[in-house]
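Given next are the chains, with one letter for each unit.
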Amino acid sequence: MSATTAEYRQRFTAFYDSLVEVYPEQFAKGSAQRIGSTFRVPGAGGLDAQTFYMRHVLDILFDDAQVIEDLITLCRCAYRGSPPPAEAVARVAATPGVHQTLFEATEAASGLTARIGTWDAGTDLFANILTNTDCALQMAGLYDHAKTRKTAAPAAAEGTMDQSSIDALFG
């Protein structure tokens, strides 16, 4: 399940490169050459890119189709503000390494927001999907971000605020 930051970056870049073959008009010279928040789809106007590619991105990280389905279910419930099914929460909770995999992959994806592969611009597609999935785990009660951050995260550079510190400013 888990890979190194470099391996995740390589996988994400290969996926992004493969989109050129599927959507050449989006990536041709003179076009946006990146996927923004809304991805134009003929006949449908635009789709939220994070929703459209969530399954594909999670498939890069996880081998178990049921875990992927459960993560998508948790994300949908978080988006809709509805309680997640207990079975999905239990299966994700019983799967070793889900949170750590998301954490490591998000770290890799964050490095691609400025530049990805040979593209002049980066993409936040991967970072957004993974961050939203992690938030859905928190909302489902699978872990407490503030407690986890204090015990498991590396020390931040002096003067850098982590997300729980930022959240505390508004709480």
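Refer to the structure presented above.
Quick look at the structure, then. The structure presented is a predicted model; accordingly, all values stated were derived computationally and were not measured. (Residues numbered from 1 in each chain as written. Predicted model: local features only at pLDDT ≥ 70, side-chain atom pairs only at ≥ 80, totals over all residues. Heavy atoms only, no water.)

### Some thoughts on the overall build of the protein
The cut-off we apply is this: Under the DSSP-based scheme used, a helix requires at least four consecutive residues in state H or I and a strand at least two consecutive residues in state E, with every element numbered from the N terminus. Burial here depends on accessible area, computed with a 1.4 Å probe over protein chains only, as a share of the maximum for the residue type. Under 20% is buried, over 50% is exposed, and the range in between is partly exposed. Residue contacts follow a heavy-atom distance rule, with two residues in contact if any of their heavy atoms lie within 4.5 Å. Computed by Shrake-Rupley with a 1.4 Å probe, the accessible areas treat only the displayed protein chains as cover when residues are assessed.
The helix and strand tally for the protein stands at nine helices and two strands. Along the protein, helices and strands appear, N-terminal first, in the series α-α-β-β-α-α-α-α-α-α-α. A total of 171 residues make up the protein; the buried ones form 35% of that total. Sequence-distant contacts, at least 24 apart, represent 55% of the contacts inside the protein between residues at least 6 apart. Per element, the accessible surface of the protein, about 9900 Å² overall, is 54% carbon and sulfur.

### Here we look at the packing of aromatic side chains
To keep things clear, this is the line we draw: Ring pairs shown here join Phe, Tyr and Trp side chains whose ring centres sit within 6.5 Å, with only the six-membered ring taken for Trp; geometry is labelled stacked below 30 degrees between planes, edge-to-face above 60, and tilted in between.
All chains considered together, the criterion is met by five aromatic pairs. Through successive ring pairs, a cluster of aromatic residues spans Tyr-8, Phe-12, Phe-15, Tyr-16, Tyr-53 and Phe-126.

### Topic: the packing of helix 4 (residues 65-80) against helix 5 (residues 86-94)
Here is the rule we go by: Here, axes are lines fitted to C-alpha atoms. For helices the fit covers the stretch in contact, and angles between N-to-C directions go from 0 to 180 degrees. For classification purposes, angles smaller than 35 degrees are called roughly parallel, those larger than 145 roughly antiparallel, those between 65 and 115 roughly perpendicular, and all remaining angles oblique. With the far helix as reference, a near helix turned anticlockwise by less than a right angle produces a left-handed crossing, and one turned clockwise produces a right-handed crossing. Nonpolar residues are Ala, Val, Leu, Ile, Met, Phe, Trp, Tyr, Cys and Pro. Charged residues are Asp, Glu, Lys and Arg, and all others, Gly as well, are polar.
Across the interface, helix 4 lies against helix 5 with an axial gap of 9 Å and an inter-helix angle of 125°. For the element pair helix 4 / helix 5, the angle class is oblique. As for how helix 4 packs across helix 5, the hand of that crossing is left-handed. Here helix 4 contributes Gln-66, Asp-70, Leu-71, Thr-73 and Leu-74 to the contact with helix 5, which in turn contributes Ala-88, Val-89, Arg-91 and Val-92. Taken together, the residues of the contact of helix 4 with helix 5 break down into five nonpolar, two polar and two charged.

### A short note on the pattern of salt bridges
To keep it simple, the criterion reads: By salt bridge we mean one thing: a side-chain nitrogen of Lys or Arg within 4 Å of a carboxyl oxygen of Asp or Glu.
Going through the model one piece at a time under the given rule, you end up with two salt bridges. When the shortest N-O distance is used, the salt bridge between Arg-55 and Glu-69 registers 2.3 Å. Of this pair, Arg-55 sits in helix 3 (residues 49-61) while Glu-69 sits in helix 4; the two residues are 14 residues apart in sequence, bridging distant segments of the chain. A salt bridge links Arg-91 to Asp-70; its shortest N-O distance comes to 2.7 Å.

### Re the layout of surface pockets
So the rule is basically this: Two kinds of site are reported from a 1 Å grid over the protein atoms alone, namely cavities, where a 1.4 Å probe fits but cannot get out, and pockets, open sets with protein on both sides within 12 Å along at least five of seven lines, and residues are called lining when an atom falls within 4 Å of a point. Grid points are joined across faces, edges and corners, and a volume is the space filled by probe spheres set on the points.
The calculated volume of the second largest pocket comes to roughly 460 Å³. Taken together, 17 residues make up the lining of the second largest pocket; nearest its centre are Thr-51, Met-54, Cys-75, Arg-76 and Tyr-79. Listed by contribution, the elements that provide at least two residues to the lining of the second largest pocket are helix 3, helix 4 and helix 7 (125-139). Looking at the lining of the second largest pocket, its residues break down into nine nonpolar, four polar and four charged.

### Some words on the environment of Met-54
Topologically, Met-54 is positioned in helix 3. When the C-alpha atoms of Met-54 and Thr-133 are compared, they prove to be 9.0 Å apart, with 79 residues separating the residues in sequence. Met-54 has contacts with Ile-72, Cys-75, Ile-129 and Thr-133, leaving out every residue within four places of it along the chain.

### Topic: helix 4
What counts, and what does not: One fewer than the residue count of a helix, multiplied by 1.5 Å, yields its expected span. Side-chain atoms alone can form a polar contact between residues adjacent in sequence; in general such a contact is a pair of N or O atoms within 3.5 Å, and within protein one must be able to donate a hydrogen while the other accepts it.
With 16 residues, helix 4 extends 23 Å between its outermost C-alpha atoms, agreeing within 8% with the 22 Å of an ideal straight helix rising 1.5 Å per residue. All of the buried residues along helix 4 are Val-67, Ile-68, Asp-70, Leu-71, Ile-72, Leu-74, Cys-75 and Cys-77. One side-chain oxygen of the residue at the start of helix 4 lies 2.8 Å from the amide nitrogen of Gln-66, identifying that residue as Asp-64. Just beyond helix 4, the residue with positive phi is Gly-81, at close to 75°.

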